[in-house]
Amino acid sequence: MEWVKQIFVTGIMTELILHLLPDKKYDKYVRLICGVILTMVCISPILSFFSNKNNIKNYINIFEKVGQKYDYQTMIGNMQGADQSYYIQNYIEVNSKYINELVLEEGLNPVDCKIVLDMDENSETYGSIKTIALTIADGKNSCYEKNDGRLILNQNGVKQYSEELLALVETICVTYEMDKDSICVKIT
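Throughout what follows, the structure given in this document is the object of discussion. Since the model is a prediction, treat every value here as computed from it, not as a measurement. (Residues numbered from 1 in each chain as written. Predicted model: local features only at pLDDT ≥ 70, side-chain atom pairs only at ≥ 80, totals over all residues. Heavy atoms only, no water.)

## A closer look at helix 5 (residues 163-176)
Link 1 in the chain: The terminal C-alpha atoms of helix 5 lie 20 Å apart, and with 14 residues this matches the ideal 20 Å at 1.5 Å per residue to within 8%.
Link 2 in the chain: Those residues of helix 5 not exposed but buried are L165, L168, V169, I172, C173, T175 and Y176. (Helix = DSSP H or I, 4+ residues; strand = E, 2+ residues; numbered from the N terminus. Expected span 1.5 Å × (residues − 1). Buried < 20%, exposed > 50% of the residue type's maximum accessible area, 1.4 Å probe, protein only.)

## Describing the packing of aromatic side chains
Link 1 in the chain: Tallied over the full model, the rule gives 1 aromatic pair.
Link 2 in the chain: Centre to centre, the rings of Y98 and Y176 are 6.4 Å apart; their planes meet at 75°, and the pair counts as edge-to-face. Placement of the pair is Y98 in helix 4 (residues 81-105) and Y176 in helix 5, with a sequence separation of 78 residues.
Link 3 in the chain: By relative accessible area, Y176 is classed as buried at 5%. (Phe/Tyr/Trp six-rings, centres within 6.5 Å; stacked < 30°, edge-to-face > 60°.)

## A look at the pattern of salt bridges
Link 1 in the chain: Across all of its chains, the model carries 4 salt bridges by this definition.
Link 2 in the chain: Salt-bridge contacts for D23 lead to K25; the nearest nitrogen and oxygen are separated by 4.0 Å.
Link 3 in the chain: Residue class for K25 comes out exposed when judged on its relative accessible area of 53%. (Salt bridge = Lys/Arg side-chain N within 4 Å of Asp/Glu carboxyl O.)

## Brief notes about the sheet that holds strand 6 (residues 183-187)
The strands making up a sheet associate through hydrogen bonds between their backbones, and the pairing can be parallel or antiparallel.
Link 1 in the chain: Strand order in the open sheet made by the 3 strands is 1-2-6, with mixed pairing throughout. In the strand order of this sheet, the two ends are held by strand 1 (109-117) and strand 6, each with one partner. Geometrically, the sheet is characterised by an average inter-axis angle of 15° between neighbouring strands, direction not taken into account.
Link 2 in the chain: Sheet topology note: the strand 1/strand 2 (residues 129-137) ladder contains 8 bridges and is antiparallel. From the neighbouring strand, I115 faces strand 2, where its bridge partner is I132.
Link 3 in the chain: Against the sheet, helix 4 engages strand 1 and strand 2, with an angle of about 145° to strand 1. (Pairing = 2+ DSSP bridges. Axes fitted to C-alpha atoms, helices over the stretch in contact; angles between N-to-C directions. Contact = heavy atoms within 4.5 Å.)

## A short note on the packing of helix 4 against helix 5
Link 1 in the chain: As a packed pair, helix 4 and helix 5 sit with axes 10 Å apart at the nearest point and diverge in direction by 145°. Between helix 4 and helix 5 lies a crossing whose hand is right-handed. Two secondary-structure elements touch here, helix 4 through N95, Y98, I99, L102 and V103 and helix 5 through L168, T171, I172, T175 and Y176.
Link 2 in the chain: Within the contact of helix 4 with helix 5, the residues separate by chemical class into 7 nonpolar, 3 polar and no charged. (Left-handed = near helix turned anticlockwise from the far one by under 90°. Nonpolar A, V, L, I, M, F, W, Y, C, P; charged D, E, K, R; others polar.)

## Considering the environment of T10
Link 1 in the chain: Secondary-structure assignment places T10 in helix 1 (residues 2-20).
Link 2 in the chain: Separated by 32 residues in the primary sequence, T10 and C42 have C-alpha atoms spaced 10.0 Å apart.

## A look at helix 4
Link 1 in the chain: Here helix 4 is 25 residues long and its end C-alpha atoms lie 37 Å apart, about the 36 Å a rise of 1.5 Å per residue gives.
Link 2 in the chain: Buried residues of helix 4: Q84, I88, Y91, I92, N95, S96, Y98, I99, L102 and V103, and no others.
Link 3 in the chain: Looking one or two residues beyond helix 4, the residue adopting positive phi is G107, at roughly 80°.

Structure, rendered in structure tokens:
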């Protein structure tokens, strides 16, 4: 919404400047300059997206994980026995490692990551991640507890949502197309 306001204000300022010009011979130069400014305001959200390398990295990771998920589901559907078991274990290990990297990026300490897959061949979500049980070591000596499915930080009797934990859970949910109820985080 702020972006629309900036465009609106820039347009009004352009017209105001044009009306205040002492001579109309400067009109085309002022229009050119104001047009460039208006163009920059219009594309500023796109520029800010590309200037933040973390956004780009997160979106690339999400696209990679979604692609891996569908490739994986296709492959295990066509495999049997030891090959299928090996590929499933490899998929779980790769995703556990990725989730541990996400935990580290949030400034938390990963201890364990258990991933459970939907192995019901008749299910629409066959082969996808069903639940994630994540154990995190608390390096801050704070007391965390679970409340209504959302993790909160309890310091000095004041309860507030832990931004790091909520950001972590949200990133996992988006990456693996899961809801928050499928992710259990335990703090040790």
